[in-house]
Amino acid sequence: MAGTPARTMAFQRQLCRATTTTSTPLTTAFPKPSLAPLQFRRHIQQDIAITRTGKPIIRISGGRSSLGGHTATVFGATGFLGRYIVNRLARAGCTVVVPFRDEYAKRHLKVSGDLGRVVFIEYDLRNTTSIEESVRHSDIVYNLVGRDYETKNFDFDSVHVEGTRRIAEAVAKYDVDRFVQVSSHSANPQSPSKFYRTKYQGEQVAKEIFPETTVVRPAPMFGFEDRLLHRLANATNLLSCNNMQERFWPVHCIDVGAALEQIGLDDTTVGQTYELHGPKEYNMMQLKEMVDREILKTRRHINVPKAIMAPMTELLDKVLWWPVGSRDEVEREYLDQVIDKNAKTFKDLDMEPADIANFTFKYLVRSPARRSAMVWSLGLISFCSNITAARRTTICRP
């Protein structure tokens, strides 16, 4: 019995008691185990997921220090929207590849994830080899590359159409699981704006090369580094067009980043088009009034006719080396946002977008305009207090 396992010995002892001390049959002494289905823990069933192309991916509910997860490439990550999607992916444990052009424009993204989770690769939008090197190990690719105005090196066609073509070809070459093309609201082939026309052409090129492309059209976004609220609060923003009657549905950049993460991880969104817009429509004049209340100042805007503003901005754009506007931006001020009724929205992602009226104070409380107004107010209060104290001293003096 020295080599007999303890469990076998216990079973033999129990069997001996059943046969010697009682006449109860063995079938009643040892009841049959219940045939109830086994209960598995939920998180064990979701450890490994199979992607669209059959690639196994480890999905765990960890944080930025967790291992496994997806490998995502985010083109245009150094822009306004890019930092929010990089932050969400990296803090969830995903490996994020960030192609960059400017060394100083990508440094703030390094701390978005744990050590080694954010990988930087220098690339050029005209260099196919660098683009392929950026996507060859990824299973999700986001294209956020875009320009609000044309330059001598990059016009709308070379960025929105040809750049998208090279990225989509690299995605198709390495058979990447997911490709998310971030376009723009009001993308239309018949639009008077070249920006909207080329955005639509970029969507069609991506779908033609990679039919599983998911197109996302965000509305004008607001946040800490936006060009919406802070532009209205800027003292240099004096000239405007269309009496600031452009109408659109502003959306929170954090909501767009969360939606992009969910779209990239959900394979049911393949080949869909999403219109991501806010819950309420505003015109530019209404937003100006909201901004004026927050910065404690009233910004004056001079309305300039389109026939004068368009050629003037075109001339200044050629003479000056910093962005001062363009003819196409003037054209866009006369176009209201157009929403595709057939496209999906936040509601299809079980998300509720935030209203811009609830965030104006948060994003403008530290603006230079509000701080200068507060300094003047505090200085005036201090000056009045000193005068009052001096008068009291004079009156009380014998």
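Residues numbered from 1 in each chain as written. Predicted model: local features only at pLDDT ≥ 70, side-chain atom pairs only at ≥ 80, totals over all residues. Heavy atoms only, no water.

*Asks:* Hey, could you run me through the packing of aromatic side chains in this one?
*Replies:* Aromatic ring pairs are reported here in terms of the distance separating the ring centres and the angle at which the planes meet. Scanning the model with the defined rule gives 11 aromatic pairs in all. Here the aromatic rings of F224 and Y363 are separated by 4.6 Å at their centres, their planes lie at 90 degrees, and the arrangement is edge-to-face. Residue F224 is located in the loop between β9 (221-222) and α8 (229-233), and its partner Y363 is located in helix α13 (residues 360-364); the two are separated by 139 residues in the primary sequence. Since its relative accessible area comes to 3%, Y363 is described here as buried. Aromatic rings pair up to connect F222, F224, F359 and Y363 into one cluster. Across the ring face of F120, the terminal group of K106 is positioned such that the distance to the ring centre comes to 4.4 Å. Between the NZ or CZ atom of R332 and the centre of the ring of F195, over which it lies, the distance is 4.3 Å. (Phe/Tyr/Trp six-rings, centres within 6.5 Å; stacked < 30°, edge-to-face > 60°. Helix = DSSP H or I, 4+ residues; strand = E, 2+ residues; numbered from the N terminus. Buried < 20%, exposed > 50% of the residue type's maximum accessible area, 1.4 Å probe, protein only. Lys NZ or Arg CZ within 6 Å of the ring centre and 35° of its normal.)

*Asks:* Hey, could you run me through the sheet that holds strand β6 (residues 140-143) in this one?
*Replies:* Sheet strands pair via backbone hydrogen bonds, and the direction of the pair is either parallel or antiparallel. Read across the open sheet, the 7 strands follow the order β5-β4-β3-β6-β7-β8-β13; overall the sheet is parallel. The two strands at the open ends of the sheet, each matched to only one other strand, are β5 (118-122) and β13 (273-276). For this sheet the average axis-to-axis angle between neighbouring strands, irrespective of direction, equals 20 degrees. Relative to strand β8 (residues 214-218), strand β7 (residues 178-182) is paired through 3 bridges, and the arrangement is parallel. Within β8, the position partnered with V180 by the bridge is T214. (Pairing = 2+ DSSP bridges. Axes fitted to C-alpha atoms, helices over the stretch in contact; angles between N-to-C directions.)

*Asks:* What's the story with the pattern of salt bridges in this structure? I'm lost.
*Replies:* Where charged atoms of side chains with opposite charge meet at close range, the side chains can pair. Across all of its chains, the model carries 18 salt bridges by this definition. A salt bridge links R217 to D340; the shortest N-O distance between them is 4.0 Å. Within this pair, whereas R217 is found in strand β8, its partner D340 is found in the loop between α12 (327-332) and α13, the two being separated by 123 residues in sequence. Judged by relative accessible area, which is 9%, R217 ranks as buried. Note that E314 is salt-bridged to R327, the shortest N-O span being 2.7 Å. Placement of E314 in helix α11 (residues 306-319) and of R327 in helix α12 is noted, with a sequence separation of 13 residues between them. When its relative accessible area of 42% is taken as the criterion, R327 is described as partly exposed. Overlapping salt bridges bring together E203, R217, E275 and D340 as one network. (Salt bridge = Lys/Arg side-chain N within 4 Å of Asp/Glu carboxyl O.)

*Asks:* Would you mind going over empty space enclosed by the protein with me for this structure?
*Replies:* Taking a probe equal in size to a water molecule and rolling it over the atoms shows the remaining empty space. Inspection of every chain in the model, using the stated rule, returns 1 cavity of 30 Å³ or more. Lining the largest cavity are T51, R59, H70, D139, I140, D177, R178, G264 and D267. A per-class count over the lining of the largest cavity returns 1 nonpolar, 3 polar and 5 charged. (1 Å grid on protein atoms, 1.4 Å probe; cavity = no way out; pocket = protein on both sides within 12 Å on 5 of 7 lines; lining within 4 Å. Points joined across faces, edges and corners; volume = space filled by probe spheres on them. Nonpolar A, V, L, I, M, F, W, Y, C, P; charged D, E, K, R; others polar.)

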